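Per-entry structural report
Each chain, written out:
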Amino acid sequence: MNDLELIKEYENQLKAYDLALSTIYFDHQTIAPKAGIEYRLSCLDVIEKTYYDIKTDDKIYEALQRLSKQELSELDKRRVKLLLKSFDDTKKIPSDIYLEYRRLQNEAALTWEKAKNTNDYALFEPYLLKIIEMTKTLCHYRDPNADPYELLLDDYEEGMTIEKYDEFFDLIKQKLIPLIQKIQQKQIIDDSILHGYFSVDKQRQVMEIIKEYLGFDASWGYMSEYMHPFTNALSNNDVRITTFYRENDLCDSIFSVIHEIGHATYEHQMDMENQGTVLHRVSSGLHESQSRLFENYLGRSYHFWDKLFIKLKDIFKDELKDIDQDTFVKAINKSNCSLIRTMADELTYPIHILIRYEMEKAIFHDEIKLNDLNKVWNKYYEDYLHVKPDSDTNGILQDVHWADGSFGYFPTYALGSAYSAQFMAKMREELDVDDLLSKGRMDIINKWLKDNIHQYQNNIAPREIFLKTCKKDFDPNYYIEYLCDKYTKLYELENVA
């Protein structure tokens with residue numbers, strides 16, 4: 001067996017364990033009985049230990065080192081480079097520390113769920129502090145001389161640095177905050193039609209028409225329910241999403257499902273040959289670009305609802321009987337400073353991410369006291385959005401990401417939103433998107449996304465995808481101009497861009 005064949009077998013072993021761990025995780029979060037938690041965690045400990053041993057096998061490292069010095073195809077060079085990084089990042093961490101951290105992630109996520117449901121930050125706080133401490137420890141093992149937050153940012157978006165994110169978020173603060181402040185003083189859109197009583201059974205019916213419209217097919221996709229929506233791709237043809245229903249909010253579940261189907265479509269449309277391998281694991285910024293493109297650039301557009309709004313009214317006959325499509329579309333695009341990231345409008349959404357970015361950066365630079373982080377969180381919301389969380393459930397406990405140690409992930413939500421603005425501009429140059437949406441031809445839109453974004457997977461870095469698809473580097477001004485133009489017109493303001 002030559003070195004390339006050895007690496008292929010190595011990846012086959014890893015993806016088998018990834019499949020097992022992902023399946024257990026999805027069941028754990030959705031349908032698995034709570035009484036079986038301890039048994040599942042004990043079994044996960046055993047699987048994680050074997051997984052670590054396979055992943056850090058010295059003969060694999062030696063093979064990768066030899067391959068890195070050989071003449072290889074561009075694709076194999078990329079595969080070797082990514083596998084070496086993954087191997088190094090894991091091997092440098094002692095197995096006992098690695099396994100302790102993995103167990104802590106599972107326990108912290110379970111405790112977070114209880115704390116959120118009971119508005120009890122004190123229950124979760126010790127786990128959060130331990131997760132932060134251990135994440136710093138892991139970063140130190142990986143590179144004792146590196147800025148730990150730089151390592152984390154690059155983990156989720158290859159090539160991104162604090163300097164680049166600072167520049168990106170400074171632009172957001174400079175351009176969007178003044179517009180947000182103007183809009184708060186001119187609230188001319190009534191979204192009360194979206195709030196009332198909307199039965200969960202009827203909302204489930206809506207999800208079926210949304211899934212059909214977007215091409216989320218039961219032959220490869222499955223939807224369940226969980227308190228924090230997520231996507232879990234076991235393979236190209238086994239992609240699972242979740243949503244959460246609120247009876248007093250018509251659109252929360254609608255847009256969470258559209259968002260997750262954006263993720264799911266990306267996973268489904270990647271090259272089958274590389275599923276489960278390092279070349280299948282695309283950057284978080286690119287992944288979020290697809291979910292945010294579906295959720296906002298498509299889902300909140302007028303023509304997306306040309307076919308769907310009639311069906312929505314048919315399900316909610318009494319609730320929407322006097323509402324027309326124009327009123328509905330304006331309501332779903334209303335901008336209002338609010339507490340919950342996942343329910344935020346397009347314009348204020350990046351400020352929710354800015355808050356998390358600045359907190360994370362301060363946490364990993366030891367510039368913030370870790371006790372009472374919930375109060376720090378509340379202060380950021382008051383300073384940036386002028387809203388005060390009425391509970392920790394609607395404050396620091398609203399997201400699961402810190403519970404599982406996903407520090408550095410949040411910034412990719414705003415970055416992905418900006419990526420999608422540029423992708424959308426390019427798509428509109430080549431397709432009549434509004435006409436396609438009006439006719440329900442998501443198949444053509446999905447094909448464009450596959451041909452121009454999804455097909456590249458992790459074969460090349462995000463910057464190279466922009467150069468191939470958009471013929472230019474990523475430019476955040478597409479995002480800024482899109483938001484300023486949209487909301488200036490929507491709220492009948494003078495141009496503020």
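First, a word on what this report is: a plain description of the structure on this page.

Attention shifts here to the sheet that holds strand S3 (residues 238-243). Sheet strands associate in pairs through backbone hydrogen bonding, adopting either a parallel or an antiparallel arrangement. In spatial order, the strands read S1-S3-S2; together these three strands make up an open sheet with mixed pairing. A strand with exactly one partner marks an edge of an open sheet, and here the two such strands are strand S1 (221-225) and strand S2 (231-235). Adjacent strand axes in the sheet meet at a mean angle of 20° when their direction is disregarded. With five bridges connecting them, S1 and S3 associate as parallel partners. Directly across from Glu225, in S3, lies its bridge partner Thr243. Against the sheet, helix H1 (residues 3-29) contacts S1, S2 and S3, and its axis sits at roughly 145° relative to S2.

Turning our eyes to something else, we now look at the nonpolar core. If you look at soluble globular proteins, the nonpolar side chains tend to sit buried side by side. Residues Ile210, Leu250, Ile254, Leu298, Trp305, Leu312 and Phe328 are the most contacted members of the largest nonpolar core, which totals 166 residues. With eleven residues, the single largest contributor to this core is helix H8 (residues 162-184). Not counting the four nearest positions on each side in its chain, Leu250 is found in contact with Leu194, Phe198, Gln203, Leu312, Phe316, Leu320 and Phe328.

The subject of this paragraph is the packing of aromatic side chains. Geometrically, a pair of aromatic rings is defined through the distance of the ring centres and the angle of the planes. Scanning the entire structure with this criterion turns up 35 aromatic pairs. Summarising the aromatic geometry, the rings of Tyr165 and Tyr357 are spaced 5.7 Å apart at their centres and angled 45° between planes, so their arrangement reads as tilted. Of this pair, Tyr165 sits in helix H8 while Tyr357 sits in helix H14 (residues 349-364), and the two are 192 residues apart along the sequence. A residue is classified by how much of its surface remains accessible, and Tyr165, at 0% relative accessible area, is buried. Centroid distance Phe304 to Trp305: 5.4 Å. Interplanar angle 70°. Geometry classified as edge-to-face.

Pairing analysis gives four bridges linking S2 to S3, with the strands arranged antiparallel. Considered in S3, the bridge of Ser235 is made with Asp238. What sits between S2 and S3 in their antiparallel hairpin is a turn of two residues.

Among the structural elements, Gln457 can be located in the loop between helix H18 (442-452) and helix H19 (462-469). Judged by relative accessible area, Gln457 falls into the buried class, the value being 1%. The contacts of Gln457, once residues within four sequence positions are left out, are Met270, Asp271, Asn274, Leu279, His280, Val282 and Ile465.

Before going further, it helps to examine the environment of Gln187. If you trace the backbone, Gln187 turns up in the loop between H8 and helix H9 (200-214). Put simply, Gln187 and Gly405 are 218 residues apart on the chain and 38 Å apart in space, counted from C-alpha to C-alpha. Setting aside residues up to four positions removed in sequence, Gln187 forms contacts with Lys334, Ser335, Asn336 and Tyr491. Polar contacts involving the side chain of Gln187 include one to the main-chain carbonyl oxygen of Ser335, which spans 2.8 Å.

So, on to the state of the cysteines. One pass over the structure, following the stated rule, counts zero disulfides. Here Cys337 is not disulfide-linked; the sulfur of Cys484 is the nearest cysteine sulfur, at 15 Å. The exposure class assigned to Cys337 is buried, which follows from its relative accessible area of 12%. Left without a disulfide partner, Cys470 is nearest to the cysteine sulfur of Cys484, which lies 20 Å away.

Let us now look at the layout of surface pockets. Any empty space left between the atoms is revealed when a probe the size of a water molecule rolls over them. Of the volumes computed, that of the second largest pocket is approximately 610 Å³. Together, 21 residues line the second largest pocket, and Arg300, Ser301, Tyr302, Tyr482 and Lys486 are the ones closest to its centre. Sorting the residues of the lining of the second largest pocket by element identifies helix H11 (284-298), helix H13 (325-332), helix H16 (411-430) and helix H20 (477-490) as the ones contributing at least two each. The element that contributes the greatest number of residues to the lining of the second largest pocket is H20, accounting for six residues.

A few words on the environment of Ile241. With respect to the helices and strands, Ile241 occurs in strand S3. For Ile241, a relative accessible area of 0% puts it in the buried group. Linking Ile241 and Pro229, residues twelve residues apart in sequence, is a C-alpha distance of 7.2 Å. Aside from chain neighbours lying at most four places away, what touches Ile241 is Phe26, Phe216, Tyr222, Met223, Ser224, Phe230, Thr231, Glu260, Ile261 and Ala264.

Our focus in this paragraph is the pattern of salt bridges. Between side chains of opposite charge, a pair can form as their charged atoms come close. Inspection of every chain in the model, using the stated rule, returns 46 salt bridges. Ionic pairing is found between Arg300 and Glu295, a salt bridge with its closest N-O pair at 3.7 Å. Summarising the burial analysis for this pair, Arg300 and Glu295 share the class buried. Residue Arg341 pairs with Asp399 through a salt bridge whose shortest N-O separation is 3.0 Å. Placement of the pair is Arg341 in the loop between H13 and H14 and Asp399 in the loop between helix H15 (373-385) and H16, with a sequence separation of 58 residues. Assessed through its relative accessible area of 6%, Asp399 is described here as buried. Several salt bridges converge on common partners, so that one network encompasses Lys85, Asp89, Arg142 and Asp155.

Calculation criteria
Residues numbered from 1 in each chain as written. Predicted model: local features only at pLDDT ≥ 70, side-chain atom pairs only at ≥ 80, totals over all residues. Heavy atoms only, no water. Pairing = 2+ DSSP bridges. Helix = DSSP H or I, 4+ residues; strand = E, 2+ residues; numbered from the N terminus. Axes fitted to C-alpha atoms, helices over the stretch in contact; angles between N-to-C directions. Contact = heavy atoms within 4.5 Å. Core = buried A, V, L, I, M, F, W, Y, C linked by side-chain atoms within 4.5 Å. Buried < 20%, exposed > 50% of the residue type's maximum accessible area, 1.4 Å probe, protein only. Phe/Tyr/Trp six-rings, centres within 6.5 Å; stacked < 30°, edge-to-face > 60°. Polar contact = N/O pair within 3.5 Å; in protein donor to acceptor, adjacent residues only side chain to side chain. Disulfide = S-S within 2.5 Å. 1 Å grid on protein atoms, 1.4 Å probe; cavity = no way out; pocket = protein on both sides within 12 Å on 5 of 7 lines; lining within 4 Å. Points joined across faces, edges and corners; volume = space filled by probe spheres on them. Salt bridge = Lys/Arg side-chain N within 4 Å of Asp/Glu carboxyl O.

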